[in-house]
Amino acid sequence: MTATKSQKAQTQETKAEPQPGRRSLWKRILLILVAAFFVGALALGFWPARADFAGDESTAGAPARGNGLNRPFPSMIVRDDNPLAANPETDERVQLGRLLFFDPVLSGANDISCATCHHPDLGFTDGRGLAMGKGGRGLGPDRAGGEVVRRGSPTLWNAAYNHKQFWDGRATDLEDQAKNPITSEIEMAQDAESLAAELKAIPEYARRFDAAFGSQNGSSISMDAVVKAIAAFERTLTANNSPFDRYAKGDRHALTIEQRRGFNLFRSGKTRCFECHGLPTFANPDFKIIGVPDLEGQKPDYGRAEVEGGDGYKRAFKVPTLRNAVLNAPYMHNGRFKTLEEVLDFYAAGGGPGIGFDTPHIDDKIRPYTITPEEKADLVAFLYALVDESNLPSWPESVPSGLEVVPRLENPARALIAKYNTGSPREEDPDRGPQTITVKAGESIQAAVDRARPGDTIEALPGIYHEEIIVDTDKITLRGVITENGTANGAPQRPILDGQKKMADGVIATGNDFHIEGFEVRHYTGNGVVVQNARGPVFRDLIIDDTGLYGTYPISCTGVTIERVKATRIADAAIYVGQSRDIVVRDCEAHSNVTGIEIENSINAVVENNYVHNNTGGILVFILPNNPSKAGRDCVVRNNRVIENNHPNFGNPNAIVSRVPPGVGIMIMAADNTEITGNEIRGNNSYGVGIFSLEIAFPKGTVFDVGPTPENNFVHDNTYSENGRQPAGAIVEAGLSGADLLWDLSGWSNRWQESQATSAVPVLNASWPGFARRSYWRALHFAQEYL
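Residues numbered from 1 in each chain as written. Predicted model: local features only at pLDDT ≥ 70, side-chain atom pairs only at ≥ 80, totals over all residues. Heavy atoms only, no water.

**A word on the overall build of the chain**
Here comes step 1: Helix and strand content of the chain: 16 helices and 32 strands.
Here comes step 2: In the chain, which comprises 787 residues, the share counted as buried stands at 61%.
Here comes step 3: Long-range pairs, those at least 24 residues apart, make up 63% of the contacts in the chain between residues at least 6 apart in sequence.
Here comes step 4: Total accessible area on the chain stands at roughly 30,500 Å², and carbon and sulfur atoms take up 50% of it. (Helix = DSSP H or I, 4+ residues; strand = E, 2+ residues; numbered from the N terminus. Buried < 20%, exposed > 50% of the residue type's maximum accessible area, 1.4 Å probe, protein only. Contact = heavy atoms within 4.5 Å. Areas by Shrake-Rupley, 256 points an atom, 1.4 Å probe, with all protein chains shown as cover.)

**Considering empty space enclosed by the protein**
Which parts of space are left empty comes out when a probe the size of a water molecule is rolled across the atoms.
Here comes step 1: Under the defined criterion, the tally for this structure stands at 3 cavities of 30 Å³ or more.
Here comes step 2: There is about 860 Å³ of room inside the largest cavity.
Here comes step 3: Taken together, 48 residues line the largest cavity, and the ones lying closest to its centre are His277, Pro320, Leu322, Met332 and Tyr347.
Here comes step 4: Of all the elements in the fold, those that place two or more residues in the lining of the largest cavity are β2 (316–318), α10 (340–348) and α12 (373–384).
Here comes step 5: If you tally residues by element for the lining of the largest cavity, the top one is α10, at 4 residues.
Here comes step 6: Across the lining of the largest cavity, the residue classes tally to 26 nonpolar, 14 polar and 8 charged. (1 Å grid on protein atoms, 1.4 Å probe; cavity = no way out; pocket = protein on both sides within 12 Å on 5 of 7 lines; lining within 4 Å. Points joined across faces, edges and corners; volume = space filled by probe spheres on them. Nonpolar A, V, L, I, M, F, W, Y, C, P; charged D, E, K, R; others polar.)

**Describing the sheet that holds strand β6 (residues 469–471)**
Here comes step 1: In space, the 10 strands of this open sheet follow the order β6-β9-β12-β14-β16-β19-β22-β25-β28-β31, with parallel pairing throughout. Single-partner strands in this sheet number two, and they are β6 and β31 (739–743). Averaged over all pairs of adjacent strands, the angle between their axes in this sheet comes to 5°, without regard to strand direction.
Here comes step 2: Strand direction decides the pairing type here: strand β12 (residues 527–532) and strand β14 (residues 550–555), joined by 5 bridges, are parallel. What sits directly across from Val531, in β14, is Pro554. (Pairing = 2+ DSSP bridges. Axes fitted to C-alpha atoms, helices over the stretch in contact; angles between N-to-C directions.)

**With respect to the environment of His515**
Here comes step 1: Assignment of secondary structure puts His515 in strand β10 (residues 515–517).
Here comes step 2: Between the alpha carbons of His515 and Pro537 there is a distance of 5.8 Å; along the sequence they are 22 residues apart.
Here comes step 3: Excluding its chain neighbours within four sequence positions, the residues that come into contact with His515 are Ile476, Thr477, Leu478, Gly536 and Val538.

**Concerning the nonpolar core**
Here comes step 1: Within the largest apolar cluster, 97 residues are counted, with the highest numbers of intra-cluster contacts made by Ile445, Ile458, Leu478, Val585 and Trp743.
Here comes step 2: For this core, the element with the highest residue contribution is strand β25 (residues 664–669), accounting for 5 residues.
Here comes step 3: Other than its neighbours up to four places away in sequence, Trp743 contacts Ile691, Asn750, Trp752, Val761, Pro762, Val763, Leu764, Trp777 and Leu780.
Here comes step 4: In this structure, Tyr247, Leu265, Tyr313 and Ile371 belong to the second largest nonpolar core, which totals 54 residues. (Core = buried A, V, L, I, M, F, W, Y, C linked by side-chain atoms within 4.5 Å.)

**Observations regarding the pattern of salt bridges**
Here comes step 1: All told, the structure shown has 46 salt bridges when counted by the stated rule.
Here comes step 2: Here Asp168 and Arg170 are joined by a salt bridge, their closest N and O atoms 3.1 Å apart.
Here comes step 3: The residue Asp450 makes a salt bridge to Arg260 at a minimum N-O spacing of 3.7 Å. You can see Asp450 sitting in helix α14 (residues 445–450) and its partner Arg260 sitting in helix α9 (residues 257–266), a full 190 residues away along the chain.
Here comes step 4: Asp450 gets classed as partly exposed once you look at its relative accessible area, which sits at 46%.
Here comes step 5: Of the residues examined, Arg260 reaches a relative accessible area of 22% and is grouped as partly exposed.
Here comes step 6: It is possible to trace a salt-bridge network through shared partners that takes in Arg150, Arg151, Asp168, Arg170, Asp301 and Glu306. (Salt bridge = Lys/Arg side-chain N within 4 Å of Asp/Glu carboxyl O.)

Here it is as structure tokens:
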């Protein structure tokens, strides 16, 4: 289960009886509801219910084009009255913006330009930990004597793809961003009217504004036109032709061996870098809490929480792009870390908590891990593979105001680019048809994958293979040969990928139409089989045991099939599908895990004919905030056996999965249009089926970027027995008893048709008309609040 802003939670099973006072309270509530129901049907039934946030369905699943690595960039946020330039080299508005960007005339004292704090030679930052504005002298790390700004200057490379601007996201687009420092009293300290008058007095600017905005005699000159021109220029500052981009397009020689190792570590379950710095931007539209300490003497900086979101976003900051990051040290919003190596040590320590900085609601991807000097060197080498300055703007020798243009600067990182980026040119492979490549025990499966072409099958014979396998080519099948009886000396009946508790992931695949079948995968520290950003992955006939956080882990995929997989001893979800669409999970078995099957932030899933038993939680269908996918709907959970899921929770205490209490059969949280039917639900000590809002799992007042309320879920025609006998402590503390059905009263459109089931709180009968369900729901809320 992936999420952010997680807290420690009690997960110990508690053998406590439900509180008698609360039980009596519910009896009183029920008596009141009998009377209130009929009155409510008229008086309350037609009141509008609060509409839930509708998640963007386009965010779930793989892209419509490209493969897992070669993903299309998102659309830029562009104003209707400031469209993208068809040809930036000749576009009047872009070229005007370029001159304004370098011209100190934008500042009140005519001594600071945009390029002062966003210097192109410093990765469009200023080389300082905290930016320096009004009154400063000098450039880069040597700038001194002026007003110190609260945070560092964020890079402008690919800023046009940012969902929000600034570290705290307070600006909606580049135009809004450009205006802020110009008018800030401690930065450029310029007045809009004074700036317009000053620019109108410069003939060349009058001519250029006329050409860019279709005016005469400089009549279009205004702060609005200035920021539009600057934003038009900044939208040309794109980086998308790095060695990595060539590798993503199929040039397997574009990265060095060290960079490939670093990339594999970057996307591994060990570091989980890719989960926040996602392709192709290597950034994220969300705000994350990682626990960067304040500088000594600095006032606490609460980041996004100072804009919106409340305590749940306290110390959350924008996830910056890693493209050209090697050029813009120091790092983080306040420049806390001077080198990339320091950043890697921070993450390996477990973020803020790992270095003694108390950080509530830390993102659950921030967990400690061991990193060797060689691994750090490989990760740094990979970050150099993200360098692309091909769109660096031409430097004006002068600007229309006649003021001094910032000079060029030396950047020590540039001297290292040639050292790191030594990949060889692409070599064209001769055409050939699909082949089957056979691998014997003692040989390398990865070596076979490296020479495979689209359409090939790598067939592994029984044996034990100690390796991590990376598949970045489309239409590759990994097939394990299964023998019925094995050999006389007791050799394995199928190929076994064994990580020896040293390696991170058994398999990572990004190619479309990747199939894996017939393997046993065991003893990895990160994940079993990961497929990222792909179409048509198939997991079939696998045995997965003790592989860290997840057994199967397709993420941001379309057309996922998981069949006949047995997964055990997994510390998060045994069979997980996240941020994907068009999913089938069938005929699988999951036991002795924290959660058996989990469908998270996904659309159109069928979970059927599975056997989940002896997990902490059996089947979970969730929407969680701060993930790329903002939608979760249309899941069918049918004909599964959900039996005695009472295993103690052994999830990481910083992960939201640690809050799943033992004894959970099926849990729906914030998901919409889920149908739960035909399941055998037996012996789950807390409850059989629960439906909840996100608000039970996050701090009060949290502003969500997804709809927190579960809507239009339908629970019907399941069989129940012996559920809720020993509810976990979290259930008892909420004043509830164990039962077949549990509900937190969120979402009037949820409905139940379970005449034989017990319920901890009243539920909404599916046979009632909609206005009656809504009336009853409102009466329940009234009783909950006032009685």
